[in-house]
Amino acid sequence: MLLPNATPMEKITIATGESDILGAVMNDVRKNRYVTTRADMIDDIAVLFGGRVAEKMRCGEVSQGAWNALRQANEMARVMIEELGMSDDLNPRTFGVSPNQDPAHRRAVSPERAKTIDDAIDKLLREQHDRVVKLLADNAELLDKVAARVIEKKTMTKQDVADIIADHKLRTAKVGVA
């Protein structure tokens, strides 16, 4: 909700019923399921960093809890750079597998080009990680309210989160805080 291009959140839960999942964010379906833009994907990567960054901010370190989200963020960044040509630092071309080709047989690139590709992926991930650190630091009160509410209720809908955000905006507008 703070990242307008991200896939809409449906619910947040810490009551997954799974022994190896501490919590989860379930996403809604995008309004346009057929076109996903670079801005959409960048915001989705930022969302994937949210749990890890929040954990680091509030617990002082990270755990394995956000490993799947981290893996998804890495894969999305790789696809953006290698397969969709969405890098500002590389010519608009692809470096990944060709359609109908086994992913294990990726196109060979020179060591220099591989480093450039890796650097572009790292840059994209670092920018989004740093963006989320700032976003959550700037909205620490909201983070704490959502965390407290999800601990209390175990599951929150997007409307529950929207209500917390709306209440926060109303109160900060009254006291002149952005």
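In this text, all values refer to a predicted model and were calculated from it rather than measured experimentally.

When the terminal C-alpha atoms of helix α2 (residues 67-83) are compared, their 23 Å separation across 17 residues agrees well with the 24 Å that a helix rising 1.5 Å per residue should span. Within the sequence span of α2, burial applies to A73, A77, R78, V79, M80, I81 and E82. Packing partners of the buried residues in α2 comprise α1 (38-59) and α3 (111-138). G85 occupies a position one or two residues after α2 and carries a positive phi of about 65°.

Moving on, we get to the pattern of salt bridges. Per the stated rule, a full pass over the model turns up 12 salt bridges. A salt bridge links D144 to R58; the shortest N-O distance between them is 2.6 Å. In this pair, D144 sits in helix α4 (residues 140-153) while R58 sits in helix α1, placing the two residues 86 residues apart along the sequence. Judged by its relative accessible area of 37%, D144 is partly exposed.

Averaged over the protein chain, the pLDDT score is 82; the fraction of residues at 70 or greater is 80%. Taking the mean pLDDT of every element in the protein chain, the minimum, 72, falls on strand β2 (residues 24-27) and the maximum, 93, on α3.

To continue, consider the pairing of strand β1 (residues 9-13). Inspection of the sheet shows β1 paired to β2 by four bridges, in the antiparallel sense. Each residue of the ladder has a partner; that of K11, found in β2, is M26.

Ordered by their spatial adjacency, three strands build an open sheet running β2-β1-β3, and the pairing between neighbours is antiparallel. With one partner strand each, in any of the chains shown, β2 and β3 (155-157) form the two edges of the open sheet. Neighbour-to-neighbour, the strand axes of this sheet turn through a mean angle of 15°, independent of strand direction. α4 contacts β1 and β3 of the sheet and is inclined by roughly 120° relative to β3.

Time to look at the nonpolar core. Ranked by internal contacts, the top residues of the largest apolar core, which has 25 residues, are I45, F49, M80, I81, L124 and L125. Residue assignment for this core shows that the elements contributing at least two residues are α1, α2 and α3. Excluding residues within four positions of it along the chain, L125 makes contact with I45, F49, A73, N74 and A77. Residues M9, L142, M156 and V161 belong to the second largest nonpolar core, which totals nine residues.

Turning to unusual backbone geometry, a few remarks are in order. One non-glycine residue, K154, lies in the positive phi region at around 75°. The residue K154 is located in the loop between α4 and β3 in this model.

Attention shifts here to the environment of M41. For M41, the location among the structural elements is in helix α1. Residue classification places M41 among the buried residues on the basis of a relative accessible area of 10%. Sequence-wise, M41 and A6 are 35 residues apart; in three dimensions their C-alpha atoms are separated by 7.2 Å. Leave out the neighbours within four places in its chain, and M41 touches T36, M76, M80, L84 and M86.

Quick notes on the rules
- Residues numbered from 1 in each chain as written.
- Predicted model: local features only at pLDDT ≥ 70, side-chain atom pairs only at ≥ 80, totals over all residues.
- Heavy atoms only, no water.
- Helix = DSSP H or I, 4+ residues; strand = E, 2+ residues; numbered from the N terminus.
- Expected span 1.5 Å × (residues − 1).
- Buried < 20%, exposed > 50% of the residue type's maximum accessible area, 1.4 Å probe, protein only.
- Contact = heavy atoms within 4.5 Å.
- Salt bridge = Lys/Arg side-chain N within 4 Å of Asp/Glu carboxyl O.
- pLDDT = per-residue confidence, 0-100.
- Pairing = 2+ DSSP bridges.
- Axes fitted to C-alpha atoms, helices over the stretch in contact; angles between N-to-C directions.
- Core = buried A, V, L, I, M, F, W, Y, C linked by side-chain atoms within 4.5 Å.

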